[in-house]
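Close look at the chain arrangement
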Amino acid sequence: EPEVTQTPSHQVTQMGQEVILRCVPISNHLYFYWYRQILGQKVEFLVSFYNNEISEKSEIFDDQFSVERPDGSNFTLKIRSTKLEDSAMYFCASRGQWNSPLHFGNGTRLTVT
Amino acid sequence: GQQLNQSPQSMFIQEGEDVSMNCTSSSIFNTWLWYKQDPGEGPVLLIALYKAGELTSNGRLTAQFGITRKDSFLNISASIPSDVGIYFCAGPDRGSTLGRLYFGRGTQLTVWP
């Protein structure tokens with residue numbers, strides 16, 4: 001079965017550094033998302049992306065965050081200047097149609113020290 | 001954002017027992033989704049409910065969409081050790097497409113052999 005794949009599985013970075021989290025959504029999917037899960041808490045929406053632009057973003061997704069689909073297969077999340085509170089699991093998700101359920105990747109654990 | 005209240009927070013049961021967990025919201029949802037998350041992995045969709053009153057099964061799992069559209073429950077019959085994990089209810093923002101989901105805090109299920 002096709003999968004959403006995310007790399008790396010674990011990223012450790014120092015506060016103030018930039019990080020890029022990478023995702024390869026399922027190949028024929030059109031809608032792409034980033035969610036995050038702080039340890040022990042619920043999964044929270046960050047941003048949705050369709051037709052090469054952001055369609056929605058949450059209050060968490062401030063100016064430090066950006067997303068890009070640099071080619072036909074990758075979807076990236078960039079955090080420009082990481083803070084300690086950015087430490088979390090970051091999940092990429094995709095879906096084929098606007099009304100079909102999301103498929104999640106296995107996540108990238110980001111640790112900011 | 002919309003709040004989903006899940007209970008219980010955790011359950012410890014013996015293999016073979018049935019399990020029931022539920023999710024309530026202060027606002028109406030048009031869709032209820034149940035996800036399972038294994039350690040180190042992303043959420044995996046178990047059941048999707050699209051109509052009030054709908055009762056849907058997936059193997060040993062059964063979920064119902066409450067008549068008021070403000071609640072849903074998930075039952076697992078004859079639990080087995082691989083049922084261990086965190087179960088999340090989720091629903092889409094009514095002002096959004098299906099992709100922006102709100103998640104409950106999860107029910108951590110432990111199954112003793």
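This text gives an overview of the structure that appears in the document. What you see is a predicted model; the values in this text were computed from it and never measured.

1. Observations regarding the overall build of chain A
Counting its regular elements, chain A contains zero helices and 11 strands. Going residue by residue from the N terminus, the α and β elements of chain A occur as β-β-β-β-β-β-β-β-β-β-β. Its C-alpha atoms give chain A a radius of gyration of 13 Å, within 12% of the compact-globule value 13 Å for 113 residues. In terms of overall dimensions, chain A has C-alpha extents of about 40 × 25 × 25 Å along its principal axes. Out of the 113 residues belonging to chain A, those deemed buried represent 48%. A fraction of 54% describes how many contacts in chain A between residues 6 or more apart in sequence connect residues 24 or more apart. Averaging the positions of the 10 positive and the 13 negative side-chain charges in chain A gives two centres separated by 2 Å.

2. Thoughts on the side chain of Gln6 of chain A
Residue and element names in this part refer to chain A. Structurally, the position occupied by Gln6 is in strand β1 (residues 5–7). Engagement of the side chain of Gln6 in a polar contact is seen with the backbone oxygen of Tyr90, the distance being 2.8 Å. A polar contact of 3.0 Å, which involves the side chain of Gln6, links it to the backbone nitrogen of Gly107. Sequence-distant contacts of Gln6, defined by excluding residues within four places in its chain, comprise Arg22, Cys23, Trp34, Tyr90, Phe91, Cys92, Gly105, Asn106, Gly107 and Thr108.

3. A word on the side chain of Gln37 of chain B
Note on placement: Gln37 of chain B falls in strand β4 (residues 32–37). The buried category is assigned to Gln37 of chain B, whose relative accessible area is 8%. In terms of polar contacts, Gln37 of chain B uses its side chain to reach the side chain of Gln37 of chain A, at 3.1 Å. Within the structure, Gln37 of chain B has its side chain in polar contact with the backbone oxygen of Glu41 of chain B (distance 3.0 Å). Here Gln37 of chain B is in contact with Gln37 and Phe91 of chain A together with Gly42, Pro43, Gly85, Ile86 and Phe88 of chain B, once residues within four sequence places are set aside.

4. Quick notes on the packing of aromatic side chains
Under the counting rule described, the total for this entry stands at 14 aromatic pairs over all chains. Between Tyr35 of chain A and Phe103 of chain B, the ring centres sit 6.0 Å apart and the planes meet at 80°, which makes this aromatic pair edge-to-face. One end of the pair, Tyr35 of chain A, is in strand β4 (residues 31–37); the other, Phe103 of chain B, is in strand β10 (residues 101–103), on a second chain. Assigned by exposure class, Tyr35 of chain A and Phe103 of chain B land together as buried.

5. With respect to the state of the cysteines
Scanning the entire structure with this criterion turns up two disulfides over all chains. Across a sulfur-sulfur distance of 2.0 Å, Cys23 of chain A and Cys92 of chain A are joined as a disulfide pair. Its S-S torsion of approximately -65° makes the covalent link between Cys23 of chain A and Cys92 of chain A left-handed. Here Cys92 of chain A lies in strand β9 (residues 88–95) and Cys23 of chain A lies in strand β3 (residues 19–24), a separation of 69 residues in the sequence. Comparing Cys23 of chain A with Cys92 of chain A shows no difference in burial state: the two are buried. Across a sulfur-sulfur distance of 1.8 Å, Cys23 of chain B and Cys89 of chain B are joined as a disulfide pair. Judged by the sign of its S-S torsion, about 40°, the cystine formed by Cys23 of chain B and Cys89 of chain B is right-handed. Taken together, the positions of Cys23 of chain B in strand β3 (residues 19–25) and Cys89 of chain B in strand β9 (residues 85–92) put the pair 66 residues apart, joining distant regions of the chain. Here Cys23 of chain B matches Cys89 of chain B in class, with each residue buried.

6. Some thoughts on the pairing of strand β2 (residues 10–14) of chain B
On a regular strand, one side chain projects to one face of the sheet and the next to the other, so that they alternate. All names here are of chain B. Only one face of β2 is buried, namely the one carrying Met11 and Ile13, since none of Ser10, Phe12 and Gln14 on the opposite face is buried. The pairing of β2 with strand β11 (residues 107–112) spans five bridges and is classified as parallel. Each bridged residue has a counterpart across the sheet, and for Phe12 the counterpart in β11 is Thr110.

7. Section: the sheet that holds β3 of chain B
Residues and elements named next belong to chain B. Ordered in space as β1-β3-β8-β7-β6, the five strands form an open sheet in which the pairing is antiparallel. Of all strands in the sheet, those with a lone pairing partner are β1 (4–7) and β6 (55–58), marking the two edges. Taking the axes of each pair of neighbouring strands and ignoring which way they run, one obtains an average angle of 15° across the sheet. Looking at chain direction, β1 and β3 are connected through four bridges and run antiparallel. Note that in β3 the partner of Leu4 across the bridge is Ser25.

Each value, and the rule that gives it
Residues numbered from 1 in each chain as written. Chains lettered and ligands numbered in written order. Predicted model: local features only at pLDDT ≥ 70, side-chain atom pairs only at ≥ 80, totals over all residues. Heavy atoms only, no water. Helix = DSSP H or I, 4+ residues; strand = E, 2+ residues; numbered from the N terminus. Rg over C-alpha atoms; globule rule 2.2 N^0.38 Å. Buried < 20%, exposed > 50% of the residue type's maximum accessible area, 1.4 Å probe, protein only. Contact = heavy atoms within 4.5 Å. Lys, Arg positive; Asp, Glu negative; His and termini not counted. Charge placed at Lys NZ, Arg CZ, Asp CG, Glu CD. Polar contact = N/O pair within 3.5 Å; in protein donor to acceptor, adjacent residues only side chain to side chain. Phe/Tyr/Trp six-rings, centres within 6.5 Å; stacked < 30°, edge-to-face > 60°. Disulfide = S-S within 2.5 Å. Pairing = 2+ DSSP bridges. Axes fitted to C-alpha atoms, helices over the stretch in contact; angles between N-to-C directions.

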